[in-house]
Amino acid sequence: MKSILTASQLAITIRRLSHQILENHVDLENTVVIGLQPRGIYLSDQVVGQIRQLLPADRTVDYGKLDITFYRDDVRKELHMPNQTDISFSIEGKNVVLIDDVLYTGRTIRAALDALLAFGRPEKVELCVLIDRRFSRQFPIQPDYVGKSIDSLISQKVKVYWQEKDGTEEVVILD
């Protein structure tokens, strides 16, 4: 097990990602943020929390959570337990910032793009990830906001530990 980001580095990275999103979407008037279930919501909760602290009191963030279980192309190979989708707004004509913890093959993001269409046709979709495993893509998907890019072997697993779920915050590579 090799540590990629410690708890303090993770906090700094999340703060940086929040600032970068706000830098590109200053007023957030036509922008929504959507975290991907299950593990992307831990990152999106923290990013949205940071953004809310940086915004004036009269500004809000449209924030939703998206489950892509039944949009996955591997749903028939193994049993997946669905999570809750909570998007109480239309994304029609909006700028959507999708947030997930690790970008690996791109299959999760491809499924998320399919799932998003049930909520409208966005003007633009951007991707924010904590970890980008750069050389493992099976789809031509690249993130717009990256916490950290790493090079790893296919046999390795990147694990993100979240305080709410795992009792600690850290990103590690497992062999």
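Here is a short report on the structure shown in this document. Because the structure is predicted, anything quoted here is derived from the model rather than measured.

Calculation notes
Within every chain, residues take consecutive numbers counted from 1 along the sequence as written. Only residues with pLDDT of at least 70 are given local features in this predicted model, and only at 80 or more are side-chain atom pairs given and counted; all residues enter the totals for whole chains, interfaces and linings. Excluded from the side-chain calculations are hydrogens and water; all other atoms, namely the structure's heavy atoms, are used. Secondary structure follows DSSP: runs of H or I at least 4 residues long count as helices, runs of E at least 2 residues long count as strands, and numbering of each begins at the N terminus. Relative accessible area decides the class of each residue, using a 1.4 Å probe on protein chains only: under 20% of the type maximum gives buried, over 50% gives exposed, and in between gives partly exposed. Whether two residues are in contact is decided by their heavy atoms: any pair within 4.5 Å suffices. Only Phe, Tyr and Trp rings are paired, with Trp represented by its six-membered ring, and only when their centres lie within 6.5 Å; those with planes under 30 degrees apart are stacked, over 60 edge-to-face, the remainder tilted. Distance and chemistry together define a polar contact, namely a pair of N or O atoms within 3.5 Å, with one atom able to donate a hydrogen and the other to accept it when in protein, and with adjacent residues in sequence counting only for side-chain atoms on both sides.

## As for the environment of lysine 2
- Its location among the elements puts lysine 2 in strand S1 (residues 2-5).
- Given the relative accessible area of 57%, lysine 2 is considered exposed.
- When the C-alpha atoms of lysine 2 and valine 158 are compared, they prove to be 9.6 Å apart, with 156 residues separating the residues in sequence.
- Sequence-distant contacts of lysine 2, that is, excluding residues within four places in its chain, are made with Val171, Val172 and Ile173.

## A word on the packing of aromatic side chains
- Tallied over the entire structure, the rule returns one aromatic pair.
- Taking the centre distance of 6.4 Å and the plane angle of 25° together, the rings of tyrosine 42 and tryptophan 162 count as stacked. Note that tyrosine 42 is positioned in helix H2 (residues 40-54) and tryptophan 162 in the loop between strand S7 (157-161) and helix H4 (163-166), a separation of 120 residues in sequence.
- Of the residues examined, tyrosine 42 reaches a relative accessible area of 17% and is grouped as buried.
- Looking at tryptophan 162, the relative accessible area reads 0%, which means it is buried.

## Things to note about unusual backbone geometry
- Residues glutamine 37 and proline 38 are joined by a peptide bond in cis, for which omega reads 0°.
- Mapped onto the elements of the fold, proline 38 is located in the loop between strand S2 (31-36) and H2.
- Look at leucine 28: it is not a glycine, yet its phi comes out positive at around 55°.
- Structurally, leucine 28 is set in the loop between helix H1 (7-24) and S2.

## Things to note about the environment of arginine 133
- The residue arginine 133 is located in strand S5 (residues 124-133) in this model.
- Arginine 133 gets classed as buried once you look at its relative accessible area, which sits at 5%.
- Sequence-wise, arginine 133 and glutamine 53 are 80 residues apart; in three dimensions their C-alpha atoms are separated by 30 Å.
- Discounting chain neighbours no more than four positions away, the residues touching arginine 133 are Val102, Leu103, Tyr104, Ile150, Ser152, Leu153, Ile154, Gln156, Lys157 and Val158.
- A polar contact is formed between the side chain of arginine 133 and the backbone oxygen of leucine 153, at a distance of 2.9 Å.
- At 3.0 Å, the side chain of arginine 133 forms a polar contact with the backbone oxygen of glutamine 156.

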